[in-house]
Amino acid sequence: MRRPRPVERTEAGSGGYGNAARALAILSLLPVSEIPVPRVHVGGRQSDGSVRVLDRPSGESLVVYTPRFTQQFSSGHLAGRWYVRKLTHVGVIPRSLPFPTARAAVEAVEAGRWALSTPAKPRQDARRPLRPWATPDESRDRPA
C-alpha cells in the first residue's frame, strides 16, 4: 500500500485558504449590500411536459402547460399554445392568455401580465347547442 502524499501549500502561512483571502479582499473593496434574487423560480419539466413556476412576490405556485385533453380544447384552449394556471386550479377553462412558447409564458409570469382579467368562458359548439336536460316524462311527451 502506498502512503498518501502530504498536501502542498501554495503560499507560506496561508493555510491553503488563498482563494478565500482573495475573495474577502475583493469584498472589502466592492461590498455587496444585497444579493439579487430572481422574481420567479422555474422548476424542471414534469412528466406531462408542464413546467412548475414559483412566483416569489405573490408566493403562488403556477403551472405552465399546453392543452392535452378534449375538454380543454372544447373550453377554449388553442392547440400548440402554452397557458399558465395556479397549481391548485383543476378546471379546464383557460385562466391565462395563450403564449407561443413556454419561455414566453414564464416571461409573462415574471412581468406579472399572465392572468386574464376575467376567466374565459367555454365556447359553445355551433353544431350542438346546449340544451337543458329533459326529464324522462318530458322526453315521452315530445313528438317523434
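Structure: above.
Numbers given for residues are sequential positions, taken from 1 along each chain in its written order. Predicted model: local features are reported for residues with pLDDT of at least 70 only, side-chain atom pairs are reported and counted for 80 or more only, and whole-chain, interface and lining totals are derived from all residues. Hydrogens and waters are ignored; side-chain quantities use all the structure's heavy atoms.

Draft legend 1. A look at the pairing of strand β3 (residues 60–65). In this sheet, β3 lies alongside strand β2 (residues 51–55) in antiparallel orientation, the contact comprising five bridges. The residue bridging D55 from the neighbouring strand is E60, located in β3. In sequence, β2 turns back onto β3 through a hairpin of four residues, with G59 there showing a positive phi of about 75°. Where β3 meets strand β4 (residues 83–86), four bridges bridge the pair, whose relative direction is antiparallel. Bridge pairing links V63 to R85 in β4. Strands are treated as partners if at least two bridges between them are detected by DSSP. Secondary structure elements follow DSSP: runs of H or I no shorter than four residues count as helices, runs of E no shorter than two count as strands, and numbering proceeds from the N terminus.

Draft legend 2. Region of interest: the pattern of salt bridges. Salt bridge, as used here, is a side-chain nitrogen of Lys or Arg placed within 4 Å of a carboxyl oxygen of Asp or Glu. Scanning all chains against the criterion turns up two salt bridges. A salt bridge links D55 to R39; the nearest nitrogen and oxygen atoms lie 3.4 Å apart. Placement of the pair is D55 in strand β2 and R39 in the loop between α1 (18–29) and β1 (40–45), with a sequence separation of 16 residues. A residue is classified by how much of its surface remains accessible, and D55, at 5% relative accessible area, is buried. The salt bridge involving E60 is made with K86; its shortest N-O contact spans 3.2 Å. Of this pair, E60 sits in strand β3 while K86 sits in strand β4, and the two are 26 residues apart along the sequence. Given the relative accessible area of 38%, K86 is considered partly exposed. Each residue gets one of three labels from its accessible area relative to the maximum for its type: buried under 20%, exposed over 50%, partly exposed in between, using a 1.4 Å probe on protein chains only.

Draft legend 3. Focus on the sheet that holds β4. Read from one edge of the open sheet, four strands run β1-β2-β3-β4, paired in antiparallel fashion. What marks the edges here is a single partner per strand, and that holds for β1 and β4. Each strand axis lies, on average, 25° off the axis of its neighbour in the sheet, ignoring direction. Axes, fitted as lines to C-alpha atoms, cover a helix only where it is in contact. Angles between the N-to-C directions of the axes lie from 0 to 180 degrees.

Draft legend 4. View of the packing of aromatic side chains. The aromatic pairing rule takes the rings of Phe, Tyr and Trp, using the six-membered ring of Trp, and pairs them if the centres are within 6.5 Å, calling planes under 30 degrees apart stacked, those over 60 edge-to-face and the rest tilted. Summed over the entire model, instances satisfying the criterion amount to one aromatic pair. Definition used: whenever NZ (Lys) or CZ (Arg) falls within 6 Å of the ring centre and also within 35 degrees of the ring normal, the charge is taken to sit over that ring. In this structure, R85 packs its charged tip against the face of Y65, placed 5.5 Å from the ring centre.

Draft legend 5. Structural context of the nonpolar core. We define a nonpolar core as any set of buried Ala, Val, Leu, Ile, Met, Phe, Trp, Tyr and Cys residues linked to one another through side-chain atoms lying within 4.5 Å. Formed by 15 residues in total, the largest nonpolar core has its most connected members in V53, V64, V84, F99, V109 and W114. When contributions to this core are tallied by element, the ones reaching two or more residues are β2, β3 and α3 (102–111). The element best represented in this core is α3, accounting for six residues. When checking whether two residues touch, look at their non-hydrogen atoms; a contact exists if any pair is within 4.5 Å. Setting aside its immediate chain neighbours within four residues, W114 contacts L62, V84, R85, R95, S96, L97, F99, A108 and V109.

Draft legend 6. Region of the structure containing the environment of R113. The topology assignment puts R113 in the loop between α3 and α4 (136–141). When the C-alpha atoms of R113 and S96 are compared, they prove to be 9.0 Å apart, with 17 residues separating the residues in sequence. Once residues within four sequence positions are removed from consideration, R113 is found in contact with L97, F99 and A108.

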